[in-house]
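Chain residues, written in single-letter form:
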Amino acid sequence: MSHESLLEQLAVVGQAMPRTPLVQLRHDRLDLFAKLEYVNLNGSSKDRSAYWILRRAVERGEVVEGTTVVESSSGNFAISLASFCRWLGLTFVPVVDPNVNAATEAYLRRLCDRVEKVTEPDETGGYLGTRLRRVEELRAELPRVYWPNQYANQDAVDAHDLLTGAELCGDLPRVDYLFVGVSTGGTIAGLSARLKRLRPDTWVVAVDAEGSVIFGGPPAKRRLPGLGSSIVPPLVDRAHIDDVVIVPELDAVRGCHELFQRHGLYAGGSTGSVYSAIERYFADHRGPRPTVAFLCADRGTGYADTVYDPEWVDRFAARRDRGPTVALV
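Residues numbered from 1 in each chain as written. Predicted model: local features only at pLDDT ≥ 70, side-chain atom pairs only at ≥ 80, totals over all residues. Heavy atoms only, no water.

Turning our eyes to something else, we now look at the nonpolar core. Ranked by internal contacts, the top residues of the largest apolar core, which has 53 residues, are Tyr51, Leu54, Phe84, Phe92, Leu108, Leu178 and Ile188. Considering every element that reaches this core, the biggest residue donor is helix H3 (residues 76-88), with eight residues. Among residues more than four places away in sequence, those in contact with Leu54 are Leu10, Val69, Leu81, Phe84, Cys85 and Leu88. Core analysis: the next-biggest nonpolar cluster, separate from the first, contains 22 residues, Val205, Ala267, Ile278 and Phe282 among them. (Core = buried A, V, L, I, M, F, W, Y, C linked by side-chain atoms within 4.5 Å. Buried < 20%, exposed > 50% of the residue type's maximum accessible area, 1.4 Å probe, protein only. Helix = DSSP H or I, 4+ residues; strand = E, 2+ residues; numbered from the N terminus. Contact = heavy atoms within 4.5 Å.)

Pasting the structure below:
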């Protein structure tokens, strides 16, 4: 496919990208709004960064006909890249690990000719370091490779500034608090840049997983993909963050079920963490109702056999000796 054809196909992708809806949720203390990023073409907010990174890479000539795209991802970014690369006629090799959801892995293996799955944990007990080392090996092994490097790529920040953030500010004239789950840092860096420019009084709260090292916590094994990291991604330094909430994974599970039971939103693990953080943050709030916004980053479909499976939750809770689990529907 020629350079002109790649650009034409990217234009088609861009036209197909939806404006994701913003919905208000019932709450007794907050004006709470959820931006439903799971309405994106491939079901997650990662469509924004994957599309924008590929678009800019093609425009700069870094991705051409015959380029192989290689990336480390715990799930959603790999899904988005796999879909868009197939659309563009490009080869994509995802590098995943044992925490990848079964549905995600099955999807990638059907859409990609090659999937690399690392099995050895890194020095923190996680797999990100191992995945990144495998990416480096593939870059040396394969001809004409493009690595999006979602952990340090400014295009990922721009995607959530120019796309996600612009939509949020256009739909919501006032935002007192914005809660954002943090993994690679691109989403919070882009959203906070837009909000601080147009709504400078917005208080940006980063939500991270217990066991992640992003904000200086001790590393520990994490089982839910999509939130946290075993490295400090460079993009986090570009974010405007006013506060941080660390959420244990069992609370993330509870958050998923509470969001589903109270509001009918079937969302993934990172969204459960963010919802749990919001409830904790405003547990004692008795003043005027603040306007609070957050993203539903992906659907719960990929977590059907984990977060939403009663037996899995029981085993998960027992391993942490945390007593009774959440009430499941």
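Additional details are given in the paragraphs that follow.
This brings us to the UniProt feature "domain: Tryptophan synthase beta chain-like PALP" (unreviewed entry) in the protein. Those residues carrying the UniProt feature "domain: Tryptophan synthase beta chain-like PALP" (unreviewed entry) are residues 17-296 in this numbering. In the segment residues 17-296, helix accounts for 40% and strand for 17%; the C-alpha atoms at its two ends are 17 Å apart. (UniProt positions renumbered as here; feature names shortened; annotations may be inferred.)

What follows is about the environment of His263. Its location among the elements puts His263 in helix H8 (residues 249-263). Apart from residues no more than four positions distant in its own chain, His263 is found in contact with Leu25, Arg26, Glu258 and Tyr275.

Another point: unusual backbone geometry. In this model, Arg144 sits at a positive phi of 50°, which is unusual for a non-glycine residue. Assignment of secondary structure puts Arg144 in the loop between helix H5 (128-141) and strand S6 (145-146). Accessibility expressed as a relative area gives 54% for Arg144, which makes it exposed. The backbone of Asn149 shows a phi angle near 50°, a positive value even though the residue is not glycine. Within the fold, Asn149 resides in the loop between S6 and helix H6 (154-171).

Strand order in this open sheet of six strands is S1-S2-S10-S7-S8-S9, and the pairing throughout is mixed. Each edge of the open sheet is held by one strand with a lone partner, namely strand S1 (22-25) and strand S9 (243-247). Ignoring which end each strand starts from, the neighbouring axes of this sheet average 25° apart. Looking at chain direction, strand S7 (residues 177-181) and strand S8 (residues 203-209) are connected through five bridges and run parallel. Bridge pairing in S8 places Gly181 opposite Val207. H8 contacts S1, S9 and strand S10 (291-296) of the sheet and is inclined by roughly 95° relative to S9. (Pairing = 2+ DSSP bridges. Axes fitted to C-alpha atoms, helices over the stretch in contact; angles between N-to-C directions.)

The next subject is empty space enclosed by the protein. According to the stated counting rule, one finds two cavities of 30 Å³ or more in the structure shown. Roughly 50 Å³ of internal volume is contained in the largest cavity. Ala209, Leu224, Pro225, Leu227, Glu249, Ala252, Gly269, Ser270 and Ser273 together form the lining of the largest cavity. At the level of secondary structure, the elements contributing two or more residues to the lining of the largest cavity comprise H8 and helix H9 (269-281). By residue class, the composition of the lining of the largest cavity is five nonpolar, three polar and one charged. Considered as a void within the structure, the second largest cavity measures approximately 40 Å³ in volume. Lining the second largest cavity are Lys46, Ser49, Phe77, Gln150, Ala156, His160, Thr184, Gly186 and Thr187. Looking at the lining of the second largest cavity, the elements that each hand over two or more residues are helix H2 (46-60), H6 and helix H7 (186-198). Taken together, the residues that form the lining of the second largest cavity break down as two nonpolar, six polar and one charged. (1 Å grid on protein atoms, 1.4 Å probe; cavity = no way out; pocket = protein on both sides within 12 Å on 5 of 7 lines; lining within 4 Å. Points joined across faces, edges and corners; volume = space filled by probe spheres on them. Nonpolar A, V, L, I, M, F, W, Y, C, P; charged D, E, K, R; others polar.)

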